[in-house]
Every structure is written in C-alpha cells, then in structure tokens.
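Examining the three-dimensional arrangement
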Amino acid sequence: MLTNDLDFRLEPRLLELYEEHKKRSAKIDWGYHEFLPWDKAQDFRRVPWDPSQVTLPSSVITAIETALLTEVNLPWFTSHLAQTFKGSLTVIQDFVHTWTAEEDQHSNLLETYLLITRSVDPSRLHELHKMTVENGWSPDFHTPFETMVYTSMQELATMVFYNNVSKEANKHDPDLGKILRRLAKDETLHYAFYRDVIKFHLQLEPNYCYHLGHVIKNFQMPGAVMPDFEDRMAIIAKEANYGPLEYFDQVLDVIIDYWDIENLRPIAPEAEKARLDILNYHARMKRVKERFMRSQT
C-alpha cells in the first residue's frame, strides 16, 4: 500500500507523456552555438583577461556562475537517476536518456558565454568548475517515487530561476536574457513530464502522499555542493530576482496546488498524516513569507 516504486499500470499513460515530450522538444531543438555572441570572442593568450573587461553587474555574474555550477553536476545527477530507475519502468529509463541529452549543452552554453564576454576570470572559473564536480552530488533519497518528486521540484525551481534572472540580465545584455529564456524552455518541458508522472501516481493511489513529505520539506538544489553556495543565493535573492519569496510563490505553492494535495484522500493513516504534514509545512512557510512582506512595508 505504501510502495515507493513506480506503478506499472501507468506505463501506457507515461509512454504517451514521453511521446508528447519528444514532439514538443523536437519543435524547439537547438544548438548552443546559435545563442552565443561570437563576435565578442578574443584569444586569452593574445589578450589576457583583466577585471576592467567585465561589463555585467557582479550580482548577474554570480547568478550565471551559480547556474553553471549547478548544471555541471549533470554527470552525478544522471548517475543517480540511472541507478535509481534501474529495473523500474522502461519509459522512465528512456526519458532519463532523453533528458540527459537535452540538458547536456546547458553548462556549455553558460560557460562559453561567460568566457566569450570576459565576464569572469577564466582561471578562477576553471577552478570553480573542477572543484564543484569533484565535490560530487548525492541526495539523501534513493527510491524511484521520491526521486521523481525531487526532479519535479528541481526542474520547476530551475525554470523559475532562469526566467527570473533573465529579467535582470536583459537590462544589461539582451544576448544573456535570450540565453536564459532558452534554457528555461527546456526546463519547462522537463518539469511538465516529471510533475505529471507524480500527478498520475497520486490520482491512481493517493497513498503515495506518504513519500512526498520528506522531499518537499527538505528540498535543496543540487548546486548546494558548490563553494560559497549560501552567500551566492543571498546575493541572487537580493539583486537577481530569485530567493525564498520566489521559491514559495513560484515553486512550492505551484507544486502543492498542481498535485492537489489539499483534496487527496489517502486511506493509509501514515499517508494521511504525511499529507497533513505537507499542508502544515506549506501553511507555516506562508506565514513566514507574510511576516516578511509586512516587515518590508
């Protein structure tokens, strides 16, 4: 009754979902070379980097660096998904392969943009990239359903991050704004697949509520392993349109509403308790947000 695996009865619906994803993705297929301002590129050996060459605000650079250092964790994320879904539904394994191929060029686009525009010290960026990948990433959940919950929230949070930061970035460089909106489109499609897999499971068996709470209440982006993560997020919250308030309004609130947690009716007492815990957590976070907003007026 409280299984944490994916339900084989849903495989036909998930196959339809996957086919729809591939159709939508094919319509917006792209290569990262299309979005880069190549005319700004110079040879670092001929023209060494210097801080005077930087034209973007430090807050925007911090946001793009943070996005990059999150995206470079793709090998660890893919490894986790491959291990988690081994032996699970074939359609999910196939989607992970497609997802990996679509995510693969995100870090290339962001890193090449930063280098071409000389927005960062290339040697420092190299060290940050290497350090982040060496740190690895491993979540504290290892079951198919919980992992699917996590990917739903992670893709939504990433989509919101890119769209929000693009509004600030666009003021300083329209090329960068376009890049971030392009990345957000990918994340939107990925989020749509993952969130609907969860929704189908909750509709079929509301007792899956039991496995939602741990992920929702402890959600953290995979980029948390990068150096100075908390300091970075504080800067981004203050100056680049993505922080705890945006997370509540555009991620937590959205996902709880989409999965209709308020109206689910699980039979298992443990699942019902988990559902109520999620709603209480959401209400508590809402009160925190409202107190903060009042303090700003």
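Now for a description of the structure that goes with this document. In this text the structure is predicted, and so the values were computed from the model without any measurement.

**Points about the pattern of salt bridges**
By the definition in use, this model includes 12 salt bridges. In this structure, D173 and K40 form a salt bridge, with 3.8 Å as the shortest nitrogen-oxygen distance. You can see D173 sitting in the loop between α7 (144-169) and α8 (174-204) and its partner K40 sitting in the loop between α1 (11-27) and α2 (58-71), a full 133 residues away along the chain. Among the ionic pairs, K289 bridges to D249, the shortest N-O distance being 2.7 Å. One end of the pair, K289, is in helix α12 (residues 269-295); the other, D249, is in helix α11 (residues 244-258), and 40 residues separate them in sequence. Since its relative accessible area comes to 34%, D249 is described here as partly exposed.

**Some remarks on unusual backbone geometry**
Not every positive phi belongs to a glycine, and D228 is a case in point at roughly 60°. If you trace the backbone, D228 turns up in the loop between α9 (213-217) and α10 (229-239). Phi is positive for D260, close to 55°, though the residue is something other than glycine. Here D260 lies in the loop between α11 and α12. D260 sits in the partly exposed class, given a relative accessible area of 32%.

**Quick look at empty space enclosed by the protein**
On inspection of all chains with the given rule, the structure shows two cavities of 30 Å³ or more. Roughly 130 Å³ of internal volume is contained in the largest cavity. Contributing to the lining of the largest cavity are T66, A67, T70, E71, A157, T158, F161, Y162, M221, F229, M233 and Y242. The set of elements that each furnish at least two residues to the lining of the largest cavity consists of α2, α7 and α10. Its residues assigned to classes, the lining of the largest cavity shows eight nonpolar, three polar and one charged. The computed volume of the second largest cavity comes to approximately 90 Å³. Forming the boundary of the second largest cavity are T70, E71, N73, L74, F77, W99, E103, Q154, T158, E187 and P222. Of all the secondary-structure elements, those providing two or more residues to the lining of the second largest cavity are α2, α3 (74-84), α4 (90-103) and α7. Looking at side-chain class alone, the lining of the second largest cavity contains four nonpolar, four polar and three charged residues.

**Comments concerning the nonpolar core**
Ranked by internal contacts, the top residues of the largest apolar core, which has 87 residues, are I92 and L212. Per-element tally for this core: the top contributor is α7, with 13 residues. Among all residues touching L212, those that are not within four sequence positions of it are F145, V149, I198, L202, W259, I261 and I278.

**A short note on the side chain of E146**
The residue E146 is located in helix α7 in this model. For the buried residue E146, which engages in no salt bridge, the nearest side chain bearing the opposite charge is K217, 10 Å off. Once residues within four sequence positions are removed from consideration, E146 is found in contact with N4, F141, H211, H214 and V215.

**Quick look at the side chain of R118**
Relative to the assigned elements, R118 resides in the loop between α5 (106-116) and α6 (122-135). Buried charged residue R118 carries no salt bridge. Nearest counter-charge: D43, at 6.4 Å. Within polar-contact distance, the side chain of R118 engages the backbone oxygen of P48 at 3.4 Å. If we ignore the near neighbours within four places in the chain, the residues touching R118 are Q42, D43, F44, V47, P48, W49, Q53 and V54.

Conventions adopted
Residues numbered from 1 in each chain as written. Predicted model: local features only at pLDDT ≥ 70, side-chain atom pairs only at ≥ 80, totals over all residues. Heavy atoms only, no water. Salt bridge = Lys/Arg side-chain N within 4 Å of Asp/Glu carboxyl O. Helix = DSSP H or I, 4+ residues; strand = E, 2+ residues; numbered from the N terminus. Buried < 20%, exposed > 50% of the residue type's maximum accessible area, 1.4 Å probe, protein only. 1 Å grid on protein atoms, 1.4 Å probe; cavity = no way out; pocket = protein on both sides within 12 Å on 5 of 7 lines; lining within 4 Å. Points joined across faces, edges and corners; volume = space filled by probe spheres on them. Nonpolar A, V, L, I, M, F, W, Y, C, P; charged D, E, K, R; others polar. Core = buried A, V, L, I, M, F, W, Y, C linked by side-chain atoms within 4.5 Å. Contact = heavy atoms within 4.5 Å. Lys, Arg positive; Asp, Glu negative; His and termini not counted. Polar contact = N/O pair within 3.5 Å; in protein donor to acceptor, adjacent residues only side chain to side chain.

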